[in-house]
Amino acid sequence: MSNIDDLIKEQVKCDQVDYPNENEMWSKIIRKQQNRNYKTKQHSYKPRIILSAILFTIVLSSTTVFAKYSTEILDWMRNMNRTGIITSLENGFGQEVNKTAENEVGVLTIHNVVSDQNGTTINFSLEIDHDYPIDYADFEHALLKIDGKEIQMKASAVYNQESDKLVGALHTDEEIPHNSNVTLQLGGVKETQLKSIELKDLAHSNTYPEKINIHQDGISQIDFISNDYQKGQYILDYLIELEEPNSIEHANLSYTIENEPIANSGVTDKRPQPNVIKRSDSLEIQKEAVEKLGVFLSYTDTVSYKPETWNLDFQYDHDLAKKSTFVMDIDEKIELGSQQLQFKELVITPSKVKLYFDKKNIDSNSLVQINYRQLKLRIGDKELSGYFDKDYVSFETQELIKDITNKEIALTLNDAKVSYEAEKQNKVDLTNISDVPQTIKTELNGYPIDVTYYANGNDLIVESESKNEQFGGIVQKVIYQNGERIFAETRSNDGVLRTHKQVETFKNIKEKDITLNFFLYTVNEDRAKTIILQ
C-alpha cells in the first residue's frame, strides 16, 4: 500500500457515538417527566465456578425474597434499575445495607447492593432540602474504596415525589469481593430541572433540512438533517445548536402519540462542535402514526451545585450471587471485516449475561468493518437481546435462568451494516460549479447514486443519496488537489442512524471543475450467523 493511502486512512473520521444503553438513564428521566406532565474498567477474571445443573437449580430454588421495603422504594428501584437487578433483589441475590451518612447538605442512605461477576449496582437515596423544583441529579464523583483499591462508578438519581428524595443507582462493571470492607464516596451534586418545549411547527414531510428557532435557556435552534420511514421505523436526524454561553449537558427530542409518551432508540454523536448536539432517533411506529406525532424538545437546566461529599462504610459479605454464577469457557471466532472477535468466556448471573471476547486486527490494510445491529442469545427457550460494550456482549436477563447446563446456548448475529473502501475508479467529475445545484447520476458497486453539488460562498456542498434501501450511504469522499488530500470539514451523517443521504462541506474550493473521489460507503447486508456455544 502506498504512503498516500496510509496518510488518507489516518485521516478517516470515524463516527463516535453514545449507544442507547449508555443513554438509558436519560431516557428514563424523560419518560418519567413526560408521564407527569402529559397525564396531569476492564473485566477482572475471578476463579471459575462451573456449577452442575443440580447445584445451580438448588441455589436458585432456595433463595428468599428481599426485604419488605415500602411501596415507594420498590417502585423507584424498579424504575431506576435493569430488569436483571430487580430479579436479583426479588430472589435474594442482593445484600441489604440500609446505612446512612449525613453532612450539612443532607442524608445519604444506601439501601442494598447487588454484586456478582458481571458487575455491581448500589441503590441509594439522598434527602436534601430545596426550595425549587428538581427532576434529577448528577454527581461529580462516585467512588468505591475496597481494601485500598479505588473503583469509579456511574451515578445518577431522579427526584421521587412520594418520598421527597433523590433516588438513584450506582454501577460499575467490577465485582465487590466477598467479605470486603467498602467505603462509598459520593459528592458534587448537580441538581437539574428537565424542561420541555412543544414543537408545534414541526412538519412531517420530505422537505428537510428544516429549522426551528428556540432561543431559550441557551438553546438557539434545531436543524433537521433528514427524516425517513423504513422497515417499520421512523428515523429522524437533527442538530441542536446552542448559544454562548450555555450550560446544556443533555438535550434531545421526545415524542408522544395522543398525549401518551412513546419510546425511541436514540444515538447521540459526541458533539461534532462544542455548541452542537447531534442526534438520531428511531421510533417503531405505524407509518400512519407519523402524522400524529407530538414532538417536544427536552433539555436540562442546572439549578444548584453542592460540592460536599458523603462517606459511608459498610461490610459486603453476601456470596449467594457468586455461588449462583454459571461460567463457561468459549473458543469461537467471528470475523468482522478487518477485525476478529475471539469469544472466550460466557458468564451468566442472576443480574446479567455477558459474553467476553478479545478483539484483534487481522488485516491492517483493510477498512472493511461489519457492525451487527441485532444480537440474540438463546438459552433453551429463553431469548435475550444484547449489544456490544467494551470487551463483551451484554444481555439483559428478564427472569432467573435455571438448569443451564442442560440447555443449548446459541448466539445469533443479524442485520449487518458493512463498511467498504471504494475503488480508485469510483469517482465523478463536478463541472461548472456555481451556486446553482446540479445533479449527476452515477453508480457505486452497482448501486444507483445521485450526486448534487453547488457552491456556498467559497465552500463546496456535495449531497449524495441512493434510492436503494440496501445501500447504507456514502460515508466519506475525498478531493485530490495540487498534491493535497481534502476531506470534508463536516458530514451530515456522522453518528446518526440513517445514512442513505450524505451532505458534505468542503472548505475553500475555488476551482470550478474538480474530480470527486468516493472513499468509504456502507451496505446493509443480511450476513446472519449463528454460533452454538453449548
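This section reports on the structure supplied with the text.

## Focus on the overall build of the protein chain
- Counting its secondary structure elements, the protein chain contains six helices and 34 strands.
- Evaluated residue by residue, the protein chain yields a buried proportion of 54% over its 534 residues.
- As displayed, the protein chain offers around 24,900 Å² of accessible surface, 44% of which is attributable to carbon and sulfur atoms.

## Here we look at the pattern of salt bridges
- Inspection of the entire model under this criterion finds 19 salt bridges.
- Between Asp281 and Arg279 there is a salt bridge, with the nearest N and O atoms lying 2.7 Å from each other.
- Close ionic contact of Arg378 with Glu408 constitutes a salt bridge, the shortest N to O distance being 2.8 Å. Taken together, the residues span a long stretch of sequence, with Arg378 in strand β21 (residues 369-379) and Glu408 in the loop between β23 (392-395) and β24 (409-421) at a distance of 30 residues.

## Quick look at the environment of Ser298
- Tracing the backbone through its elements, the reader meets Ser298 in strand β17 (residues 293-316).
- Assessed through its relative accessible area of 0%, Ser298 is described here as buried.
- In the structure, Ser298 is positioned 45 residues away from Leu253 in sequence and 5.8 Å away in space, judged by C-alpha atoms.
- Of note is the side chain of Ser298, whose polar atom sits 2.8 Å from the side chain of Ser254.

## Section: the pairing of strand β13 (residues 251-257)
- With seven of seven residues buried, β13 is to be regarded as a mostly interior element.
- Pairing of β13 with strand β14 (residues 260-262) involves three bridges; the strand directions are antiparallel. Residue Tyr255 lies in a different strand from β14, and its bridge partner there is Ile262.
- Linking two consecutive strands that pair antiparallel, namely β13 and β14, is a turn of two residues; a positive phi of about 55 degrees is found at Glu258 within it.

## Some details on the packing of aromatic side chains
- With the rule as written, the count across this model stands at nine aromatic pairs.
- When the centroid spacing of 6.3 Å and the interplanar angle of 50 degrees are considered together, the rings of Phe224 and Tyr238 count as tilted. Remark: Tyr238 occurs in strand β12 (residues 233-242) and Phe224 occurs in strand β11 (residues 219-230); sequence separation between them is 14 residues.
- You can call Phe224 buried: its relative accessible area is 1%.
- In this structure an aromatic cluster arises from ring pairing among Tyr420, Tyr447, Phe471 and Tyr521.

## Considering the environment of Leu184
- By the element assignment, Leu184 lies in strand β9 (residues 180-198).
- In this structure Leu184 comes out as buried when scored by relative accessible area, which is 0%.
- What Leu184 contacts, discounting residues up to four positions off in sequence, is Leu108, Ile110, Leu143, Leu144, Leu170, Trp310, Asn311 and Leu312.

## Topic: the sheet that holds strand β32 (residues 501-506)
- Read from one edge to the other, the open sheet built from five strands follows the order β26-β27-β28-β32-β31, with strand pairing classed as antiparallel. Sheet topology places β26 (438-444) and β31 (490-491) at the edges, where each strand pairs with a single neighbour.
- Pairing analysis gives seven bridges linking β26 to strand β27 (residues 447-456), with the strands arranged antiparallel. Looking at β27, one finds that Thr439 is bridged to Thr452.

## Quick word on a negative patch on the surface
- Taken together, the side chains of Glu102, Glu127, Asp129, Asp131 and Asp164 make up a negatively charged region of the molecular surface.
- Inspection of the secondary structure puts Asp131 in the loop between β4 (119-128) and β5 (136-146).

## A word on helix α5 (residues 83-90)
- Counted residue by residue, α5 has six buried out of eight residues, so it is predominantly covered.
- Taken together, the buried positions of α5 are occupied by Gly84, Ile85, Ile86, Thr87, Ser88 and Leu89.
- Following α5 by one or two positions, Gly92 adopts a phi angle in the positive range, close to 85 degrees.

## What about the pairing of strand β16 (residues 276-284)?
- Counting buried positions along β16 gives eight out of nine residues, so the element sits mostly inside the fold.
- Where β12 and β16 come together, nine bridges link them in antiparallel fashion. Residue pairing across strands places Tyr234 opposite Leu283, the latter belonging to β16.

## Describing unusual backbone geometry
- Backbone torsion omega between Glu244 and Pro245 reads -10 degrees, so that peptide bond is classified as cis.
- Position of Pro245 among the secondary structure elements: in the loop between β12 and β13.
- One non-glycine residue, Asp147, lies in positive phi territory at about 50 degrees.
- Tracing the backbone through its elements, the reader meets Asp147 in the loop between β5 and β6 (149-152).
- Even without a glycine there, the phi angle at Glu258 is positive, about 55 degrees.
- Its location among the elements puts Glu258 in the loop between β13 and β14.

## Some points on the nonpolar core
- With 54 residues, the main nonpolar core has Phe343, Ile409, Leu430 and Leu460 as its most contacted residues.
- Looking at this core element by element, the count peaks at six residues for β24.
- Apart from the residues within four sequence positions on either side, Leu430 is in contact with Ile440, Val451, Tyr453, Leu460, Val462, Lys512, Asp513, Ile514 and Leu516.
- Formed by 32 residues, the second largest nonpolar core is a distinct cluster that contains Val113, Tyr159, Trp310 and Phe314.

Rules used in this analysis
Residues numbered from 1 in each chain as written. Predicted model: local features only at pLDDT ≥ 70, side-chain atom pairs only at ≥ 80, totals over all residues. Heavy atoms only, no water. Helix = DSSP H or I, 4+ residues; strand = E, 2+ residues; numbered from the N terminus. Buried < 20%, exposed > 50% of the residue type's maximum accessible area, 1.4 Å probe, protein only. Areas by Shrake-Rupley, 256 points an atom, 1.4 Å probe, with all protein chains shown as cover. Salt bridge = Lys/Arg side-chain N within 4 Å of Asp/Glu carboxyl O. Polar contact = N/O pair within 3.5 Å; in protein donor to acceptor, adjacent residues only side chain to side chain. Pairing = 2+ DSSP bridges. Phe/Tyr/Trp six-rings, centres within 6.5 Å; stacked < 30°, edge-to-face > 60°. Contact = heavy atoms within 4.5 Å. Patch = residues over 30% accessible without salt bridge, like charges linked within 9 Å, V, L, I, M, F, W, Y side chains within 5 Å. Lys, Arg positive; Asp, Glu negative; His and termini not counted. Charge placed at Lys NZ, Arg CZ, Asp CG, Glu CD. Core = buried A, V, L, I, M, F, W, Y, C linked by side-chain atoms within 4.5 Å.

Just geometry here; none of it tells us what the structure is for.
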